[in-house]
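Structural description and commentary
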Amino acid sequence: MAVGAKHFMVVLLVLWTGKCQAFLATRLNTSDPDIANILCPNEAAGVTRDHEWITREAIRQNIRAFFLAYPPGGRPDFFLPEDATLTQLFHAYYGDISSPTRFIKAVNSIVDANIQADSSSQYRYDPAIQGDGEQLAQVQARLTTRYPQIMTAILSEEAYPAARSLLGTTLHSIQKFYSHSTWIEQGHESILEELGIPGNTLDGLAGEEDVCTTCDDIKGCPGNVIEGAGLSSGYYTYPDDIASSYLISKPDTGGKCSHGGVLDTSRVLPAVGGINKDTAYPCFSPHYDLHLTAVNLALQATDYYLKQVLDVIGVDMYRRLFDLYQGSALSICIDTTGSMGDDIDAVQEQVAEIVANSNPELYILVPFNDPDVGPLLTTSNSSEFMDAVNALYASGGGDEPEMFWSGLQLALTGTPAYGDIFCFTDASAKDGQLMEGLISLAQQQNNKVTVILSDIFRKRSNGDEDTGVGGEGGRRGKVGDVNTGVAEYQRLADETGGLLISTDKFDVNDIVNIIGSGIETSTVTLLNVVEALGSLVKTVAVDDSVVDLEVRITGEIITAVITDASGTAYDLTDKEALDATDNVEVVSHTNTFKAVRFTAPVYGEWSISTSYPDVYAVTILATSPLDFLAGFSILDPSPPHPHYRQANGRPLIDTVYYLDLTLVGYLESYVTVFDTVYFIDKTGTEVRVIPYTGELEEHTYIRTEPLPEDSFFVAITGEVLSGRKYQRVQPVLITPVATSVEVRATSEDLSAQPGTTATAKFVVTNYGLDSYFTISGTDDLGFLMNVSPSRVHLPTNDSCEVTASFAVPVTAIPGVVSTVIITAQSETQTHSVNSAVVHFIVLAPETDSVPPSCQLLNLPDCVGYSDNGVCTLMNWTVEAQMQDHESGLYQVRATPEGSLFKIHDLTPGTTAKVLVEYQNSCCYTYVEFIGVDGQANTGKCVVDMGTLGGLIYNFEVVTVYDTSMVLHWNITPSHYPIHHYDLLINGKFIHQSTCKEESCYDAVGYLEPCTVQAFNLTPVFDYLGDELGGIAAYTQSSTVEDEPQTPQNGLEEDRTETSITITWEISNPSCSFLFKVCYYEVNADPESEVCATTTTTTYTLPDLEECRAYFIEVVSIASSGLVSDPLHFYSVTVCPEE
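Small disclaimer: the values here were computed from a predicted structure and weren't measured. (Residues numbered from 1 in each chain as written. Predicted model: local features only at pLDDT ≥ 70, side-chain atom pairs only at ≥ 80, totals over all residues. Heavy atoms only, no water.)

1. Re the overall build of the chain
Formally: Strands are runs of DSSP state E lasting at least 2 residues, helices are runs of H or I lasting at least 4, and numbering of each runs from the N terminus. To get the radius of gyration, use the C-alpha atoms; to get the globule rule, take the number of residues to the power 0.38 and multiply by 2.2 Å. Each residue is assigned to one of three classes by its accessible area relative to the maximum for its type, calculated with a 1.4 Å probe on protein chains only: buried under 20%, partly exposed between the two thresholds, exposed over 50%. Accessible areas in this description were obtained via Shrake-Rupley with a 1.4 Å probe; residue shielding takes into account the shown protein chains only. Asp and Glu are treated as the negative residues and Lys and Arg as the positive ones, with His and the ends of the chain left uncounted. Think of each charge as sitting on NZ of Lys, CZ of Arg, CG of Asp or CD of Glu.
Along its length, the chain carries 17 helices and 52 strands. Over its C-alpha atoms the chain spans a radius of gyration of 32 Å, differing by no more than 12% from the 32 Å that the globule rule assigns to 1138 residues. If you line up the chain on its principal axes, its C-alpha atoms span 95 × 85 × 65 Å. Taken across its 1138 residues, the chain has 58% of its residues classed as buried. In the structure as shown, the chain presents an accessible area of about 44000 Å², 48% of it carried by carbon and sulfur atoms. Of note, the chain has its 58 positive side-chain charges centred 5 Å away from the centre of its 150 negative side-chain charges.

Structure below.
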């Protein structure tokens, strides 16, 4: 440990007894005295919201609409509840066991970037970001400059992490516009659609005229905005040395508005008061009464901007922006030097089998040699990927240490968050100077890195000194090189949650299964001990959401026994016995790696016992929708906007943080309790236990204990509805340090046009002992020229500004993004190393705000076929011509795509005319042709032939009972009269409805309670004397519950000396949400009964006395809490003499 006195960055204690959500960056705890003095919670005028809530809620609404517009498999009956959470939306679309973790991480990335605009010094004080000081024109200028950066980062490079960061910053300013400006006070009830869109300026801005009058009470200023005054925002000043260069002093004219609130020193200057609508607290927001109006407009504006993004980038890229896909990525990084010939052949065979038997959404391949690395291949086409894999061959090398870390760097830039990366090599690495930054990047992206080694272990055992195996930091080769070996590969695997697998030569069957499980969609971690030594005994809670379980042991082992909740033991070293056991699958079984999967695990407490005299690792994984995300934040109560500020890079030793925790899938998994956070070290020992007594919710902040000196994993526990415990472990190893690297650069600093240069500022702070630090930097595209200073001496608690210099080649393509990592590492202290990760984007050489032109060359003709039913008998055709004279056309789309869609002569960047041919059925009366140019301007042509006649709309369930429902629908006027409607429920014909009106009702009965009913309503028209069916309408709803039914047909299934297993049936299982089993010994007091709940119709009474009689009763419980009459059992445990 290399720190002197203990330091606490946060001394504010937040007790989770009361909290608020404010239109600040994040919600705050109003019971904290420092916060209460700012927000005066006792005077709150209703519910309040913050940037975090607004962004999540707007994305939730937007993604729900997106899913409904593009349903899975084109299903017209696809339905999503209006209040479905983000994870519920994902599960409804992709299936119950598909993991939404990547999706939630993508959402969190956008939210975090939004919050960062209130955290980082380069943004938090800037009126052009926050919209203060009548800088609304500057806000628009920043937004319109950032707009093409967001879009081209996606269109040119598919650089989604960079795009999310830029998008979050943009949404912050858009949302702030409605709480900081006088837009609402001017009487506007809708959003300003031009905000942030290139080619638009803000009209009607206030000049020198007065905008505000003085308020009688600075805690509330209704009506202080002068009617007819120009659009304005308030001035916000406060004492802060760093802020002083950004803040704009309030003019002394006496008629300008202040931001207002207790933190604003300008509030007492004429015009006294303020206009901000950030919260519903009068002492912080003078226009607190308009807070919810501002929130609602901010929600609408966020959704509107997201729709503009969708318009520009299209459906497929929009899915990628939010990581909306079911599968994961197959990412391979492979050494192609001469000694890898046999291994490459094996990898080609392995990958072919994986591709044939799985369906990854994305394929990434990075070959590395010496000195060449790459090229990076990223594709969704399996054939293209396999062609590249099969083209690999071994050559070059010779000096044994290879460019492993450079290969990993490329793989990390191409692999999406939560994608596993598999690296194959038989050599040590010579570019270890990249290691610290790349481990940080992998952790930030939650990429598990598995290193599969062959000859390197054999070389080490034979005493070969060229393996590069060394201690901390490796060995140096030629000047500038840092050699690393097995120890560093092990560290990479441990800190990212991956594996280090050694074998003399790769075994196809073993590796195929390992990689195949790495691209599964919903793997969570239950136990992770990466440095077990000697004997290890651990218990593992297997909850009701677990579908299957996999035990992995890395390293040699003598004994390994896992015992399930029923008491059945499995010897993990006995492959033959495991192969012969039902519901057990041997994934891999070698001397140094064992993976065994239990495909039908018994719920309850399991235990695992292992032993070996040397270090080994034990990991238990599961397939489950229940997971969590965790980061570290610091409570920052200072102006301009108090909030929880996300920690940059690795957290600091001995510092009190707030754990920023998101529960994923907790509603679908019926979680009822979240009670404890644990910090667990690499040996599996609990080093911190943090109880949680707050509300159960998706996202919360939990005050931690001071962080330990050594590395740890974050784990959580709680209970699900059945009463069983759950446990989850975050696989990323947290390593507290005594150094920070803070980004002081804006997105404008981290961008440049081809052929130009740029500089960006970072600040390195040393919280440890006096030391010299090496400052280094790397980026995957080579734009980073140097970092200055590259070496600096820092006393304790001292800082140094670091300048990174970039040069963009003339040939660089606009929109290309380079991932930049700046690392500061003490030359003497192990714990003093940290990194900052940013993105550098190439700008277009010239500004282009003119959208592509679009011209329809003919008009469609559906005369006589514009009604439902008959429309299927005719197609229409149209041609359009698109052209962009400035940055050129890059993309042309049609929505919907139609039965025929052809694009002629489109090459990216063309300024020539592009012809589009389109054909569709007359049942489709609307299409948009969208052209996107090199700076993300969009041009459109629209074909709109009006509403189809005889089209059902507003088809809905209006009344619901336990066994019946009432349906309602409308139908548009048609040239052909309705003959009848065919109604199907769950795919089965029910009856015909003969309603002839434009508004119709129908009742259906004999339905099962508590079940989803899917309705298909097809209009049948009288077409010239014949019946002609039209386009159907779809809806669905659930019947309500009836009285819970008494369990029946009870049966004693098994009994032992200490347990009794019973089963039962239920007449209406859909409504039996839960069963409660209570039992007590016949001669005992009934008050001594023991009760447990279960979601299944089988239960084992545990821990009973031998040869004793028991009364048992079972009741069913409906979701409303109604309880049935009991089913009674009488049973006796086995006596020893039996």
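2. Re unusual backbone geometry
Here the residue pair Pro270 and Ala271 is connected by a cis peptide bond, since its omega of -5 degrees sits within 30 degrees of zero. Its location among the elements puts Ala271 in the loop between α8 (160-180) and α9 (291-321). The omega angle of the peptide bond from Gly374 to Pro375 is 10 degrees, so this bond is cis rather than trans. Here Pro375 is to be found in the loop between β2 (362-368) and β3 (377-379).

3. A look at the state of the cysteines
Heads up, the rule is: Disulfide assignment relies on a single distance test, namely cysteine sulfur atoms paired within 2.5 Å.
Scanning the entire structure with this criterion turns up eight disulfides. Note that Cys212 is cross-linked by a disulfide to Cys257, the S-S spacing being 1.9 Å. Since a negative S-S torsion denotes a left-handed disulfide, the Cys212-Cys257 link at about 95 degrees is right-handed. With Cys212 in the loop between α8 and α9 and Cys257 in the loop between α8 and α9, this residue pair connects regions lying 45 residues apart in the sequence.

4. Details of the nonpolar core
Our working rule: We call a set of buried residues a nonpolar core when its members are Ala, Val, Leu, Ile, Met, Phe, Trp, Tyr or Cys and they connect through side-chain atoms within 4.5 Å of each other. It only takes one pair of heavy atoms within 4.5 Å for two residues to be counted as in contact.
Judged by nonpolar contacts, the single largest core of 64 residues is most densely connected at Phe67, Tyr178, Tyr318, Leu321 and Phe322. Those residues in contact with Tyr178 that sit more than four places away from it in its chain are Trp183, Ile184, Ile191, Leu192, Leu195, Lys277, Ala294, Leu297, Ala298 and Ala301. Formed by 31 residues, the second largest nonpolar core is a distinct cluster that contains Ala411, Leu438, Val449 and Val486.

5. Concerning the packing of helix α10 (residues 341-357) against helix α11 (residues 382-390)
For the record, the criterion: Each axis is a line fitted through C-alpha atoms, taken for helices only over the stretch in contact, and angles between the N-to-C directions span 0 to 180 degrees. Should an angle fall under 35 degrees it is called roughly parallel, over 145 degrees roughly antiparallel, and 65 to 115 degrees roughly perpendicular, with every other angle called oblique. By the convention adopted, Pro, Cys, Tyr, Trp, Phe, Met, Ile, Leu, Val and Ala count as nonpolar, Lys, Arg, Asp and Glu as charged, and the other residues, Gly among them, as polar.
Taken N-terminus to C-terminus, the directions of α10 and α11 make an angle of 170 degrees; their axes are 10 Å apart at the nearest point. The pairing of α10 with α11 is recorded here as roughly antiparallel in orientation. Across the interface between the two elements, Gln348, Val351, Ala352 and Val355 from α10 touch Ser382, Phe385, Met386, Val389 and Asn390 from α11. Its residues assigned to classes, the contact of α10 with α11 comprises six nonpolar, three polar and no charged.

6. With respect to the pairing of strand β35 (residues 914-921)
Going by this rule: Here, any two strands with at least 2 DSSP bridges between them count as paired.
In terms of strand pairing, strand β32 (residues 875-883) meets β35 through eight bridges, oriented antiparallel. Across the sheet, the residue bridging to Trp876 is Asn920, located in β35. As paired elements, strand β34 (residues 900-904) and β35 share five bridges and run antiparallel to each other. The residue bridging Lys902 from the neighbouring strand is Glu917, located in β35.

7. Overview of the side chain of Thr1094
Definition in use: Whenever a nitrogen or oxygen atom comes within 3.5 Å of another N or O atom, the pair is scored as a polar contact, on the condition that within protein one atom can donate a hydrogen and the other can accept it, and that pairs from neighbouring residues in sequence are kept only if both atoms are in side chains.
Tracing the sequence through the fold places Thr1094 in strand β49 (residues 1090-1094). In terms of polar contacts, Thr1094 uses its side chain to reach the side chain of Thr1096, at 3.1 Å. Each residue touching Thr1094, except ones within four places of it in the same chain, is listed here: Ser722, Arg724, Trp1064, Leu1074, Phe1075 and Tyr1099.

In short, shape yes, function no, at least from these values alone.
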